[in-house]
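Observations on the three-dimensional arrangement
Residue strings, one per chain:
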There are 2 protein chains.
Amino acid sequence: MYQSFEVTARPEQGPPRLAALRAAMAEAGVDGFIVPRADAHQGEYVSPRDDRLAWLTGFTGSAGFCIVLPEIAGVFIDGRYRTQVKHQVDLAHFTPVPWPETQPGDWILDHAPDSARIAIDPWLHTVAQFEQIEKKLGDKVTLVRTDNLVDRVWEDQPGPANAPAKAHPMEFAGEDHAHKRARLAAALEAEGHAAAVITLPDSICWLLNIRGADIPRNPIVQAFALLNADATVDLFVAPGKCAGLADHLGANVRQHPPEALLGALADHEGPVRIDRGSCPVIVADTLGDRGVEGEEPCLLPKACKNAAEIAGSAAAHLRDGAAVVELLAWLDAQPAGTLCETDVVRALEAERRKDNALQDISFETISGTGPNGAIMHYRVTEATDSLLEDGHLLVLDSGGQYLDGTTDITRTIAVGTPPHEACAAFTRVLAGMIGMSRLRWPKGLSGRDIEAIGRAPLWYAHQDFDHGLGHGVGAYLSVHEGPQRLSRVSTQPLEVGMILSNEPGYYREGAFGIRIENLVVAQKAQAPQGGDAHREMLCWQTLTFAPIDRRLILPELLDHPTRAWLDAYHAETLEKIGPRVSDGARAWLAKACAPV
Amino acid sequence: MYQSFEVTARPEQGPPRLAALRAAMAEAGVDGFIVPRADAHQGEYVSPRDDRLAWLTGFTGSAGFCIVLPEIAGVFIDGRYRTQVKHQVDLAHFTPVPWPETQPGDWILDHAPDSARIAIDPWLHTVAQFEQIEKKLGDKVTLVRTDNLVDRVWEDQPGPANAPAKAHPMEFAGEDHAHKRARLAAALEAEGHAAAVITLPDSICWLLNIRGADIPRNPIVQAFALLNADATVDLFVAPGKCAGLADHLGANVRQHPPEALLGALADHEGPVRIDRGSCPVIVADTLGDRGVEGEEPCLLPKACKNAAEIAGSAAAHLRDGAAVVELLAWLDAQPAGTLCETDVVRALEAERRKDNALQDISFETISGTGPNGAIMHYRVTEATDSLLEDGHLLVLDSGGQYLDGTTDITRTIAVGTPPHEACAAFTRVLAGMIGMSRLRWPKGLSGRDIEAIGRAPLWYAHQDFDHGLGHGVGAYLSVHEGPQRLSRVSTQPLEVGMILSNEPGYYREGAFGIRIENLVVAQKAQAPQGGDAHREMLCWQTLTFAPIDRRLILPELLDHPTRAWLDAYHAETLEKIGPRVSDGARAWLAKACAPV
């Protein structure tokens, strides 16, 4: 079992650790220390060694940070975690701060002593984050770099992740790493850059066609790299991690220990490209004037999947869809009031594991019934585990990591007979999901330009949801991948081959939650008869196949093209998944896929 | 008759004028001169004196510019004017350049001699425009300021506009100018700015509650102003223009001749706010370090109409709607093949003039039948005037200036029996117009975030149109007003009181055009039963009432809420406009407003 339901937050552990950290601050001669959630690689998941925020505060969310001052410790959390933080931290010692509404710089100015010196670990903050805070502070408060003060006081801190890396086969990667290095190096050379620093592990894995196991749920290798304009790579990685990969990497990928990175940068003639959004402060410090800002060179190429990656993802989704259908068929046979949320998580993981192809789950399954479904990033634990009762909606958001692709699917399932208003909201969410699935749009538009299509059915009813419509997804990499997003904050043009989630939702606090999520890949659209043949437009190809719960649909709220899309989707689901499931599940699926 | 159908472009006049300008360039010791369409106030319309681009090139479009070099003269025009420019300029002497695809700086680098000196009139270019070109040119080509070289060679150039200004009554303005000055001055003071330069005439008119007649179709007063942090205004305006307004303006609005502006700026201690987007280069030059960049202080307050302005606009629209309905009823009675485009323009203006309230038309009526309808900014002339024939669609886009409001309405009308594909496209355009009209959206979103709603029905059919969905509209001011727009280029959040057009279209070159346009005003939305009461959302109130041609609608392509909106809109149109029209028109209107 990959997932655990353990309650990991121990609010009572926070205060003594906080006291120890404050002692270390005093010893270091600083008035504050910022503890981010992030590690040096800015990933969404961190290794146990880097889980400093949770260790100090008890808060286990995937984003946030703590600013410790002598008299107050603010835990900055976004809208998803307002409730969770109150249960996980000792509120007598930690103060939740709504973020980004309150900016760290402003908060420091309000709470720090005059002329305070606030310390940061320059490995854990990006250039952009650092400058944003520094700009706010002006000359009233000084940010200083130190070693990590949490590490000084964390006595049993685990060691760094050190899982062996593996070569990622060409069959799934679709392009060998020499070719990738050559085309990215050409782009560097065209800009006059001698090299680029890469600190995102999924970028390094994509570039070199390697995968690892340093971080749960993410098949990545923690490392740093320098991509050089001559198409060679200097890879800074713990010795032994890539020991078996000498042949795969070849002579043009030189391995060095991670500690050698700063020295290599100090000696480099430059110019070396760094990305403000991911580059640690210490890297920029070391490069000084030889660092030039630009986009991380793998970001966009990694996002635009090639034919092998798309075919792999499609194959992974059929395999994953079969597991989901088996689960749904089983779940439907259980009477209301007999199962708990964790039973569903266990059963679903068991279905996915039946196929030897599963490498890991792609994130902790969200299984939230009734009011728990309204908690957008709910993680079920022994303490919160709830019974699926008559009238509930169950939000089930899960995914798998397969060698050929990463999946992420959400279905909302009726338990017994949910109320009419839940069905009405479900139908609107579905209309938004289908409206986006059916969309064509002019090439060049970004997620921001089209996201409204997935929300409009809710908007017309004066309803909405407080998360983006969709995120990028990697190819056997991170389940949350940038820069592509279906979100009002994304102005990255959508391009052919980008895989994104399409996941509108609706959440009524204390009552129910709804989310429907398919993965889709952007494709060139062919103009139909009567269309504008001269217009370059894109459309989506759906990757995820599993039925949408027809018991929650009010067909009279759907227009004809939306119903037609749904019926065709269900017919395709039956055709593609039917042959892959047990006889019982197939019979259930045939009913679940009947026209509405 | 406000509108004329005269062919004003005389391509044969261009070459001798171009030769004279090149002689002036040589005399001034420069290798080029840039002739923009704009005057010093950056309005869409210019006075005859400022119509230098048309005088030089023959091109009469509302946007563009000409860069004259010794061997080539490029006329930069956007997508709307690609065809028109070819008929208006002598192509042996002027070269059309697609813009913004080709940027002026790049074009100059490609065509100018090495180390060229290119001159501009620093009154006619904004700081933003100038810097954008200068940045491209680097140190290869130098931009230099001169007096206007066109004015040197234009012997019979008209004098400056000098129409008398009038006070705009409180009944329509809704806020007296002392109050406006005070609240804007408070905002200046809060930013530490001693004054702000205002060069947009509609801003000055809004701020001081005055209107004028310096420019056709725009009831504005050409002037410059300094809004001071003590809530006084220095108004730089031709003597006599505001002679009758001493009482209205009062002691806190000091008048000076326009020539005094630069001296006043030279003597000013600053800091003086300037807006890069509208401030002439010469103003920024004069201020030097004492100039600080910021938003033009009237821009947003002017865009957010108060209750009196909204009520005035609604009243103006009922009056204007009655004229449009009389025209439509009359038009419907004329057999196909009997009317020309100009007949419709004349008849429509005559209907608007029957009411003494009409001050001017708000722009040249676009009356384009059949293939002419596909020319988005078609201006009918004696040379192009075409017969309304069976099977045509007529695009009729027009508006009026009234003391209480500015209108802008487009209807597309069937002549005889148009083809099915035109009706299908019309129905999609209508679905987009209604989809936007019905929309609610979360407060804080911009035109960019919601524009897709008005395009999606076309997108689904692989169709689209090449203009924005909507533009801001003034309150008895400019029919095109910023900063509010429904467009992918607008990130200005939409706010309560903003008036915009909602005008999707579809254009098939050589065949037909379609556009349907209503004006709408943004309002706070009240959450209905079942809605999220805690969410702040905005919605539209429709201002325009005139029937949509039911003969062009394929009802089976419209979903239920869209049809319901249309039927309710038609019922409201009949109720509001019916009592204002002749018996014959009322009978026609009742049929035109029947449910679909």
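Residues numbered from 1 in each chain as written. Chains lettered and ligands numbered in written order. Predicted model: local features only at pLDDT ≥ 70, side-chain atom pairs only at ≥ 80, totals over all residues. Heavy atoms only, no water.

1. Things to note about the packing of helix H16 (residues 420-437) of chain B against helix H18 (residues 452-460) of chain B
Residues and elements named next belong to chain B. Contact geometry for H16 and H18: axes closest at 7 Å, N-to-C directions at 155°. In terms of orientation, H16 and H18 fall into the roughly antiparallel class. Pair H16 / H18 crosses with right-handed handedness. On the side of H16, the interface is formed by Ala425, Arg428, Val429, Ala431, Gly432, Gly435 and Met436, while H18 contributes Ile453, Gly454, Pro457 and Leu458. (Axes fitted to C-alpha atoms, helices over the stretch in contact; angles between N-to-C directions. Helix = DSSP H or I, 4+ residues; strand = E, 2+ residues; numbered from the N terminus. Parallel < 35°, antiparallel > 145°, perpendicular 65-115°, else oblique. Left-handed = near helix turned anticlockwise from the far one by under 90°. Contact = heavy atoms within 4.5 Å.)

2. A few points about the nonpolar core
Generally speaking, nonpolar side chains in soluble globular proteins are found buried as a group. Membership of the largest hydrophobic core comes to 156 residues, with the highest contact counts inside it found for Trp441, Ile450 and Trp540 of chain A together with Trp441, Ile450 and Trp540 of chain B. Excluding its chain neighbours within four sequence positions, the residues that come into contact with Trp441 of chain B are Trp459 of chain A together with Ile450, Leu494, Ala522, Glu536, Met537, Leu538, Cys539 and Trp540 of chain B. (Core = buried A, V, L, I, M, F, W, Y, C linked by side-chain atoms within 4.5 Å. Buried < 20%, exposed > 50% of the residue type's maximum accessible area, 1.4 Å probe, protein only.)

3. With respect to helix H1 (residues 14-28) of chain B
Residues and elements named next belong to chain B. Compared with the 21 Å implied by 1.5 Å per residue over 15 residues, the 21 Å span of H1 between its first and last C-alpha is a close match. When we look at burial in H1, the residues that qualify are Gly14, Pro15, Leu18, Leu21, Ala24 and Met25. Where H1 is buried, its residues touch strand E1 (32-36), helix H2 (52-57), strand E2 (65-68), strand E3 (73-77) and helix H6 (149-153). Just downstream of H1, Gly29 is the residue with a positive phi angle, here 75°. (Expected span 1.5 Å × (residues − 1).)

4. Some points on the sheet that holds strand E14 (residues 291-293) of chain B
Residue and element names in this part refer to chain B. Strand order in the open sheet made by the six strands is E12-E11-E10-E8-E13-E14, with mixed pairing throughout. The open sheet has two free edges, formed respectively by strand E12 (253-256) and E14, since each of these has just one partner strand. Direction aside, the axes of adjacent strands within the sheet are offset by 25° on average. Sheet topology places strand E10 (residues 224-228) next to strand E11 (residues 233-236); four bridges connect them, and they run antiparallel. When the bridges of E11 are listed, Leu227 appears paired with Val233. The strands touched by helix H11 (residues 260-267) are strand E8 (195-198), E10, E11 and E12; relative to E11, the strand with the most contacts, the crossing angle is about 145°. (Pairing = 2+ DSSP bridges.)

5. Let's talk about the packing of aromatic side chains
One pass over the full model with this rule turns up 20 aromatic pairs over all chains. Seen from their ring centres, Tyr506 of chain B and Phe512 of chain B are 6.2 Å apart, and the 45° between their planes marks the pair as tilted. Overall, Phe512 of chain B belongs to the buried group, its relative accessible area being 5%. Aromatic ring contacts, followed pair by pair, group Phe65, Phe76, Trp99 and Trp107 of chain A into a single cluster. A cation over an aromatic ring shows up here: Arg455 of chain A above the ring of Phe465 of chain A, its NZ or CZ 4.0 Å from the ring centre. (Phe/Tyr/Trp six-rings, centres within 6.5 Å; stacked < 30°, edge-to-face > 60°. Lys NZ or Arg CZ within 6 Å of the ring centre and 35° of its normal.)

6. Some words on the relation of the copies chain A and chain B
Relative to chain B, chain A is turned by 180° and slid 0.1 Å along the rotation axis, the superposed coordinates differing by an RMSD of 0.0 Å. Both chain copies can therefore be described as sitting about a two-fold axis. Here 100% of the interface residues in chain A have copies in chain B that are interface residues too; the copies meet face to matching face. (Least-squares fit on C-alpha atoms with pLDDT ≥ 70 in both.)

7. Some points on the interface of chain A and chain B
On the chain B side, the residues contacting the 36 residues of chain A number 36 residues. Looking only at chain A, the three residues that lose the most surface to chain B are Trp459, Tyr460 and His462 of chain A, adding up to 28% of its buried area. The interface formed by chain A and chain B contains four salt bridges. Among the ionic pairs, Arg448 of chain B bridges to Asp449 of chain A, the shortest N-O distance being 2.6 Å. At the boundary of chain A and chain B, one finds 24 residue pairs in polar contact (both at pLDDT 80 or more). (Buried area = accessible area lost by both parts, 1.4 Å probe. Salt bridge = Lys/Arg side-chain N within 4 Å of Asp/Glu carboxyl O. Polar contact = N/O pair within 3.5 Å; in protein donor to acceptor, adjacent residues only side chain to side chain.)

8. A look at the environment of Pro555 of chain B
Residues and elements named next belong to chain B. Its place among the elements puts Pro555 in the loop between strand E28 (537-542) and helix H19 (560-577). Exposure remark for Pro555: the relative accessible area of 31% places this residue in the partly exposed category. Placed 96 residues apart in sequence, Pro555 and Trp459 show a C-alpha to C-alpha distance of 19 Å.

9. Looking at the sheet that holds strand E15 (residues 358-361) of chain B
Judged by pairing direction, the sheet is antiparallel, and its three strands sit side by side in the order E15-E18-E19 (chain B) without closing on themselves. What marks the edges here is a single partner per strand, and that holds for E15 and strand E19 (405-406) of chain B.

10. Observations concerning unusual backbone geometry
Residue and element names in this part refer to chain B. Along the chain, Trp99 connects to Pro100 via a cis peptide bond; the corresponding omega equals 15°. Along the polypeptide, Pro100 turns up in the loop between strand E4 (95-98) and helix H4 (104-111). The phi torsion at Ala231 lies on the positive side, around 75°, for a residue other than glycine. Relative to the helices and strands, Ala231 resides in the loop between E10 and E11. Under the relative-accessibility criterion, Ala231 is labelled buried at 16%.

11. Focus: the state of the cysteines
By definition, a disulfide links the sulfur atoms of two cysteines through a covalent bond. A full pass over the atoms with the stated rule returns zero disulfides over all chains. Free cysteine: Cys242 of chain A, not disulfide-bonded; nearest cysteine sulfur from Cys205 of chain A at 8.5 Å. Classification of Cys242 of chain A as buried rests on a relative accessible area of 1%. As a non-bridged cysteine, Cys279 of chain B has Cys298 of chain B as the owner of its nearest cysteine sulfur, 14 Å distant. (Disulfide = S-S within 2.5 Å.)

12. Some points on the pattern of salt bridges
All names here are of chain A. Summed over all chains, the structure comprises 66 salt bridges over all chains. Ionic pairing is found between Arg515 and Glu503, a salt bridge with its closest N-O pair at 3.7 Å. Separated by 12 residues along the polypeptide, Arg515 in strand E26 (residues 512-515) and Glu503 in the loop between strand E24 (499-502) and strand E25 (505-508) bring together distant segments of the chain. Considered together, Arg515 and Glu503 belong to a single accessibility category, that of buried residues. One connected set of salt bridges, linked through shared partners, spans Asp50, Arg52 and Asp151.

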